[in-house]
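# Per-entry structural report
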Amino acid sequence: MSLQLHRQVAINCILSKGSEGLQGEGCVYDLTSPRQPMSTPEALRPGDFVKLHLWIPDEDSHISVNLAEVQWVKSDSIKVDLLVVSPPDQTRLNQFTSSQD
């Protein structure tokens, strides 16, 4: 299976704890356009690589995920596997996750 690299796609979402772990609600952006028009999740395919900006409620800065792999796409939902996260952002993400238990 051939993997596609979607460097032009970024996903901004607000994190929350769901029944199956962390969940985010947000938008998919096509970064190839100067106006950054929204792209639909259906444009993504399993195996695509994307960037993420994860926002934690009540915080002013986002967590950057420089590389994530799309696992599945269903209607307006996607599941991603986080591959490259800086150590400070990984620590923030872990703290948020543990505070939601």
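The coordinates are above.
Cut-offs and rules
Residues numbered from 1 in each chain as written. Predicted model: local features only at pLDDT ≥ 70, side-chain atom pairs only at ≥ 80, totals over all residues. Heavy atoms only, no water. Helix = DSSP H or I, 4+ residues; strand = E, 2+ residues; numbered from the N terminus. Contact = heavy atoms within 4.5 Å. Phe/Tyr/Trp six-rings, centres within 6.5 Å; stacked < 30°, edge-to-face > 60°. Lys NZ or Arg CZ within 6 Å of the ring centre and 35° of its normal. 1 Å grid on protein atoms, 1.4 Å probe; cavity = no way out; pocket = protein on both sides within 12 Å on 5 of 7 lines; lining within 4 Å. Points joined across faces, edges and corners; volume = space filled by probe spheres on them. Nonpolar A, V, L, I, M, F, W, Y, C, P; charged D, E, K, R; others polar. Core = buried A, V, L, I, M, F, W, Y, C linked by side-chain atoms within 4.5 Å. Buried < 20%, exposed > 50% of the residue type's maximum accessible area, 1.4 Å probe, protein only. Polar contact = N/O pair within 3.5 Å; in protein donor to acceptor, adjacent residues only side chain to side chain. Pairing = 2+ DSSP bridges. Disulfide = S-S within 2.5 Å.

Our next topic: the overall build of the chain. If you tally the helices and strands in the chain, you get 1 helix and 6 strands. Along its sequence from the N terminus, the chain presents helices and strands in the succession β-β-β-β-β-β-α. Of all intrachain contacts in the chain linking residues separated by at least 6 positions in sequence, the fraction that spans at least 24 positions is 44%.

This next bit is on the packing of aromatic side chains. Evaluation of the coordinates by the stated rule reveals 0 aromatic pairs. Across the ring face of Trp-72, the terminal group of Lys-74 is positioned such that the distance to the ring centre comes to 4.4 Å.

For the largest pocket, the calculated volume is near 910 Å³. Forming the walls of the largest pocket are 25 residues, and the residues nearest its centre are Leu-22, Gln-23, Gly-24, Ile-78 and Lys-79. Within the residue set of the lining of the largest pocket, elements represented by two or more residues are β1 (5-18), β2 (21-30), β3 (38-39), β4 (49-55) and β6 (77-85). In terms of residue count, β2 provides more of the lining of the largest pocket than any other element does, 7 residues in total. A per-class count over the lining of the largest pocket returns 15 nonpolar, 6 polar and 4 charged.

Ranked by internal contacts, the top residues of the largest apolar core, which has 17 residues, are Ile-11, Leu-15, Leu-44, Val-50, Leu-52, Leu-54 and Val-65. Looking at this core, the elements that each hand over two or more residues are β1, β4, β5 (63-74) and α1 (87-99).

Within the fold, Arg-92 resides in helix α1. With a relative accessible area of 18%, Arg-92 lands in the buried category. In this structure the side chain of Arg-92 is engaged in a polar contact, spanning 2.9 Å, whose partner is the backbone oxygen of Ser-61.

Right, let's get into the pairing of β6. Pairing of β5 with β6 involves 8 bridges; the strand directions are antiparallel. Within the sheet, the bridge partner assigned to Val-73 lies in β6 and is Ile-78. The loop that links β5 with its antiparallel partner β6 comprises 2 residues; one of these, Ser-75, has a positive phi angle of about 55°.

A few words now on the state of the cysteines. Inspection of the entire model under this criterion finds 0 disulfides. Cys-13 carries a free sulfur, and the closest cysteine sulfur to it, the one in Cys-27, is 9.5 Å from it. Owing to a relative accessible area of 9%, Cys-13 belongs among the buried residues under this scheme. Its relative accessible area of 24% is what places Cys-27 among the partly exposed residues.

Read these as geometric descriptors, not functional statements.
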